[in-house]
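Reading the structure
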Amino acid sequence: PTFLFAGDYCNCSYAKMERYQISLNAVDLPNASGFFRKSSPYAKVKVVSGSREGTELGTTECVPNSSPDWSKIFFLDFDSSEVTNLEVSIFSKSERGKDYFIGKATFEATTVFQEPGRTASEQIGRRTTSRLFLHVEKSRIGDSTGKINLRLRGLDMKNVEPGIFGLGRSDPFYEISKKDSDYSVAHVKWNVVYRSETVHNHLNPLWDAASIGLEELCYGKLDWPLRIQVLDYNNNGKHTVIGEYETKVTELQSHISVKGNADRDQAIQLGLEDKNKTYGLLCVLEATLLLE
């Protein structure tokens, strides 16, 4: 057997492998479910060339929206010197048997990573406005590995759907996004990495606990910019932003509640861009790092 020591050079294909992560979103997808049914699209990703050919990276969650921003992150180790084509197939979930096929597109991973904003798009279906976007980033920027156990509660959420008689209540859920930017082309995008369940008709929602990998949340870098948005769920998929807050993992830990699950002193104030108002409070009940 051959042993390699420090300073030795290895011309092995695996030595060129780097780890990347892939995220997807789409705009104006056709409704393959029919005129009287709401489309609920999801995506499947498969490697169709290169040393990882045939590897199925996985499937996103279903998002009932014609312009879905999927939170599922895919991880892939590949060699940038070889052609690594990714086939993305889009379907709409059916409650009556076989899912509806919407369309598919192929992206070359290294080419996308070298694009401005490290993003490329392809047309889906016949409409030129129907586009699928694929984003590629290096997956490990920081040194932290493991996950964070997070639990949030909202307090005094602004009621954005009071209804005709004022009896309605917002249906809040929250999204955590990380900031991806390429300032050479003035590109900034907040990529969703976690989406909570919806708590219906409640202005003080208590959401389920979440466990999120640090690699997908913040590239393993605990001071990476994050954004938490609280939104009001609407059946048509056009959700209303109630409030938001830009933060990072280390700051979330500094806001952990110490006076129970309604600690207003430690709570984060939710606002909206360019508006000097508070639209609710966000209590951090837990933000425990489980490092590996």
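Since this is a predicted model, take the numbers as computed values, not measurements.

Taken in spatial order, the four strands of this open sheet run 4-1-8-7, and their pairing is antiparallel. Since the sheet does not close on itself, it has two edges, and those belong to strand 4 (74-79) and strand 7 (119-123), each with one partner. Neighbour to neighbour, the strand axes of the sheet diverge by 30 degrees on average, direction disregarded. Across six bridges, strand 1 (residues 17-27) lies against strand 4 in antiparallel orientation. Looking at the pairing, Gln 21 lines up with Phe 75 of strand 4.

Before going further, it helps to examine the pattern of salt bridges. All chains considered together, the criterion is met by 14 salt bridges. The closest approach of N and O atoms between Asp 77 and Arg 19, which form a salt bridge, is 3.4 Å. Taken together, the residues Asp 77 in strand 4 and Arg 19 in strand 1 connect sequence positions 58 residues apart. Note on Asp 77: relative accessible area 27%, which makes it partly exposed. The partner of Arg 118 in a salt bridge is Glu 137, with the nearest N and O atoms 2.9 Å apart. Separated by 19 residues along the polypeptide, Arg 118 in the loop between helix 1 (109-114) and strand 7 and Glu 137 in strand 8 (residues 131-138) bring together distant segments of the chain. Through salt bridges with shared partners, a single network forms among Arg 19, Asp 77, Arg 140 and Glu 215.

If you trace the four strands from one edge of the open sheet to the other, you get 3-2-5-6, paired in antiparallel fashion. Only two strands of the sheet have a single partner each, and these edge strands are strand 3 (56-59) and strand 6 (100-108). Sheet twist, expressed as the average angle between the axes of neighbouring strands with direction ignored, equals 15 degrees.

Further remarks concern the confidence of the model for the protein. Looking at the protein, pLDDT values average 91 and 92% of them are 70 or higher. Here residues 1-14 scores under 50 on pLDDT; set against residues more than four positions off or in separate chains, the count is six contacts.

It is worth spelling out the packing of aromatic side chains at this point. Summed over all chains, the structure comprises eight aromatic pairs. For the pair Phe 91 and Phe 101, a centre-to-centre distance of 5.5 Å together with 65 degrees between the ring planes defines the contact as edge-to-face. Of this pair, Phe 91 sits in strand 5 (residues 85-92) while Phe 101 sits in strand 6, and the two are ten residues apart along the sequence. For Phe 91, a relative accessible area of 17% gives the class buried. Ring plane angle 70 degrees and centroid distance 6.4 Å describe the contact between Phe 173 and Tyr 233, whose orientation is recorded as edge-to-face. In this pair, Phe 173 is assigned in strand 10 (residues 172-182) and Tyr 233 in the loop between strand 13 (226-232) and strand 14 (240-247), connecting sequence segments 60 residues apart. For Phe 173, a relative accessible area of 3% corresponds to the buried category.

Procedures and definitions
- Along every chain, residues carry numbers that run from 1 in the direction the sequence is written.
- Selection of residues for local features in this predicted model requires a pLDDT of at least 70, selection of side-chain atom pairs for listing and counting requires 80 or more, and totals for whole chains, interfaces and linings are taken over all residues.
- Remark: hydrogens and water are excluded; side-chain values derive from all non-hydrogen atoms of the structure.
- Whether two strands pair comes down to DSSP finding at least two bridges between them.
- Each helix corresponds to a stretch of at least 4 residues labelled H or I by DSSP, and each strand to a stretch of at least 2 residues labelled E; elements are numbered beginning at the N terminus.
- Helix axes use the C-alpha atoms of the stretch in contact, all axes being lines fitted to C-alpha atoms, and the angles between their N-to-C directions lie in the range 0 to 180 degrees.
- What counts as a salt bridge is simple: a side-chain nitrogen of Lys or Arg found within 4 Å of a carboxyl oxygen of Asp or Glu.
- Each residue is assigned to one of three classes by its accessible area relative to the maximum for its type, calculated with a 1.4 Å probe on protein chains only: buried under 20%, partly exposed between the two thresholds, exposed over 50%.
- Here pLDDT means the predictor's own confidence in every residue, given as a number from 0 to 100.
- Any two residues whose heavy atoms approach within 4.5 Å at even a single point are treated as in contact.
- A pair of aromatic rings is counted whenever rings of Phe, Tyr or Trp (Trp by its six-membered ring) have centres within 6.5 Å, and the orientation is called stacked for planes under 30 degrees apart, edge-to-face for over 60 and tilted otherwise.

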